[in-house]
2 protein chains.
Amino acid sequence: MYGRDNEEFKARRLRAVKADLNSGASVLARKALEDIMDYADACEVADVAELQVEITDLADRLSGARPSMVVVSNVLKHFVATLPDLPDDLKKARGRAAVHAEEVIEQVQQAQARAVEFCMNELTDGMTIMTHSVSSSVMQLFTACQRSGKQINAIITESRPGMEGRNLARYLNKLGVQTQFITEAQMAHFVVQADKVIVGADSLLRDGSLVNKTGTRLLALAAKDAGIPFWVLAESFKHSLVLPEDVVLEEMPEEELQLESMPNVQLHNIYFDLIPARLITAWADEQGVRVIFRSLAEGAASLPAADG
Amino acid sequence: MYGRDNEEFKARRLRAVKADLNSGASVLARKALEDIMDYADACEVADVAELQVEITDLADRLSGARPSMVVVSNVLKHFVATLPDLPDDLKKARGRAAVHAEEVIEQVQQAQARAVEFCMNELTDGMTIMTHSVSSSVMQLFTACQRSGKQINAIITESRPGMEGRNLARYLNKLGVQTQFITEAQMAHFVVQADKVIVGADSLLRDGSLVNKTGTRLLALAAKDAGIPFWVLAESFKHSLVLPEDVVLEEMPEEELQLESMPNVQLHNIYFDLIPARLITAWADEQGVRVIFRSLAEGAASLPAADG
């Protein structure tokens, strides 16, 4: 009968990942790998072959849980693809699988930390950075700047309906970052005060477009109109082979809008936005910062020379 | 001692107009004129000369109450400028002043109704109109369309922090208008479904730019990027001689953002946006609809021929 316990564990974790509307994509990817570690330790199996089937099955299911956050699927697929041969001893095999999940978490975190460092090196004392919603990479960027003595100011949004911007405000307040906190509606008014907009990513698509929290497209449009650079900070685990026409922008429960049900009114709560590549001026990842368009304020154009 | 009662009445009305964050500009202008009517009837004065001083003083004070909503100031100044000679009899004089306020209200309402009718004539059955925040003119437009048998669909926003969009949703639901209700953050995602964006106005400035509820500039940018016409529906009582660099965008209490006070975090609650003329494709007022830029979908360009 242990199969039922396994099913229950997997179904519960799947529900939890689907319902987690507060975690950013990188954090959710780490949580999914932690689920794999727990499951490798606790699932009820008779032998190593069954263990391998079970953890692969959980990884597959979690992979499909958050289609707008491709990093979740990417790290789980990477985990499965790089899973080493497990020892014959079941207890040791459980331990090896868990260690592998930890190694992948470590890889993702290192990639994120390197991307943050490259991005930080481009910032100078006194700059004002505007962001939208919450990205663990952007939080780390502010922390890294503060630690290295760079005084960076912030403009941040509350991010209806999840209101995750409130937690970012508390985080920045503790860090000692001078922060301006606004509603999404005020983004066009405030973007002119920023030296750069820097956002995280849920996914980076094949054609260079970005999937990120709803509202990011408006901020990108406002930044472009005001001539403010719009940067994306995201490790390459977020790269996706999906094209914009096939991307899934997840819609969350309409109850979050707190409006009563009415026969002629349809509530929408789409959590993600698609930002075309033409609105993005630079990408920062673990390889460095690639500036696509450099504004006059940032110095001369620096497109890499074509090969040959 | 009656002067104190007069002062109290005027101070109370001034506070009420300043604190009224739910009424649109046209509605607030009407309420200010109704205040004048009440005051003409009730203020404590010895003779007609004093009455004239008192109602002119109240009109002056209310004029300055809401600098972003120029229509309030415009109609009050129009009231004072067109106030006829009052009869010598105090009671009759009170009545004549009140009647004049009613006449101005009527003029404003007629101008609004004509603007709505011109705008409605440009709409065709099955169109989807997107708007932001609440404008009494846009509400009347939906009502007029429904009455004349034009089936128009709506996309509307909740409008944090005032959430006046919820009342618009209830209004459209009762009218039987098929309505999609979204957060501001989703505006760029949804504008592509609209045939036109139509918003009201708080003020129209001398250079053709618009002052309207915060978030309108983001919607105008998204509309332009998507090639969707962006129309402004507003009677000419909203015209202002102010230039964009001198405009006052009112900031409302930060408590509306419901975030605790923190030493390093400054909350902003600016209620109005400045939308440059280059983002506006048409103006509808009591003279007709002037299309500045006509998209291919709307037919050939129709700039009026220059004189001479």
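The name an unreviewed UniProt entry assigns to chain A is Translation initiation factor eIF-2B subunit delta, from the organism Marinospirillum alkaliphilum DSM 21637. According to its UniProt record, chain A has this under Sequence similarities (unreviewed entry): "Belongs to the eIF-2B alpha/beta/delta subunits family."

(A) Inspection of the overall build of chain A at higher detail. Along its length, chain A carries nine helices and eleven strands. Relative to the 2.2 N^0.38 estimate, which gives 19 Å for 308 residues, the radius of gyration of chain A is 21 Å and therefore close to what a compact globule would have. With the C-alpha coordinates aligned to their principal axes, the bounding extent of chain A is approximately 65 × 60 × 45 Å. A total of 308 residues make up chain A; the buried ones form 56% of that total. Sequence-distant contacts, at least 24 apart, represent 75% of the contacts inside chain A between residues at least 6 apart. Of the roughly 13100 Å² of accessible surface on chain A, a fraction of 51% belongs to carbon and sulfur atoms. Side chains of chain A carry 31 positive and 44 negative charges; the gap between the two charge centres is 3 Å.

(B) Seen up close, the relation of the copies chain A and chain B. Least-squares fitting of chain A to chain B yields an RMSD of 0.1 Å, with the transformation described by 0.0 Å of translation along the axis and a rotation of 180 degrees. Both copies are brought into coincidence by an operation consistent with a two-fold rotation axis.

(C) Representation of the layout of surface pockets. Residues and elements named next belong to chain A. Empty space within the largest pocket amounts to approximately 230 Å³. Along the walls of the largest pocket sit 15 residues, with Asn22, Ser23, Val134, Glu164 and Asn167 positioned nearest its centre. Residue assignment for the lining of the largest pocket shows that the elements contributing at least two residues are α6 (136-147) and α7 (164-175). Ranked by residue count, the leading element in the lining of the largest pocket is α7, at five residues. Taken together, the residues that form the lining of the largest pocket break down as five nonpolar, seven polar and three charged. Looking at which domains feed residues into the lining of the largest pocket, each of domain 1 (2-112) and domain 2 (118-298) supplies at least three.

Rules used throughout
- Sequence order sets the numbering: in each chain, residues are counted from 1 along the sequence as written.
- Chains carry letters and ligands carry numbers; both start at the beginning, A for chains and 1 for ligands, and go up in the order they are written.
- With pLDDT at 70 or above as the cut-off, local features in this predicted model cover only qualifying residues; side-chain atom pairs require 80 or more to be listed or tallied, and sums for whole chains, interfaces and linings still use all residues.
- Derived side-chain values reflect all non-hydrogen atoms in the structure, with water molecules and hydrogen atoms excluded from consideration.
- UniProt positions are given in the numbering used here, feature names are shortened, and annotations may be inferred rather than shown by experiment.
- A run of H or I in DSSP becomes a helix once it reaches four residues, and a run of E becomes a strand once it reaches two; helices and strands are each numbered from the N terminus.
- Atoms considered for the radius of gyration are the C-alpha atoms alone. The globule rule reads 2.2 Å times the number of residues to the power 0.38.
- Between buried and exposed lies partly exposed: a residue is buried under 20% and exposed over 50% of the maximum accessible area for its type, with that area taken using a 1.4 Å probe on protein chains only.
- Note on contacts: a residue pair qualifies if any of its non-hydrogen atoms lie within 4.5 Å across the two residues.
- The Shrake-Rupley method, run with a 1.4 Å probe, gives the accessible areas here. Residue values count only the displayed protein chains as cover.
- In summary, the charge assignment counts Lys and Arg as positive and Asp and Glu as negative, without counting His or the chain termini.
- A single reference atom marks each charge: NZ on Lys, CZ on Arg, CG on Asp, CD on Glu.
- A least-squares superposition brings the copies together, and it is based on the C-alpha atoms of residues with pLDDT no lower than 70 in both.
- Note on definitions: the grid is 1 Å and covers protein atoms alone; a cavity is a set of points where a 1.4 Å probe fits but cannot get out; a pocket is an open set with protein on both sides within 12 Å along at least five of seven lines; lining residues have an atom within 4 Å of a point.
- Grid points are joined across faces, edges and corners, and a volume is the space filled by probe spheres set on the points.
- When residues are sorted by character, Ala, Val, Leu, Ile, Met, Phe, Trp, Tyr, Cys and Pro go into the nonpolar class, Asp, Glu, Lys and Arg into the charged class, and all the rest, Gly among them, into the polar class.
- For the domains described, the bounds stem from an automatic or database domain assignment.

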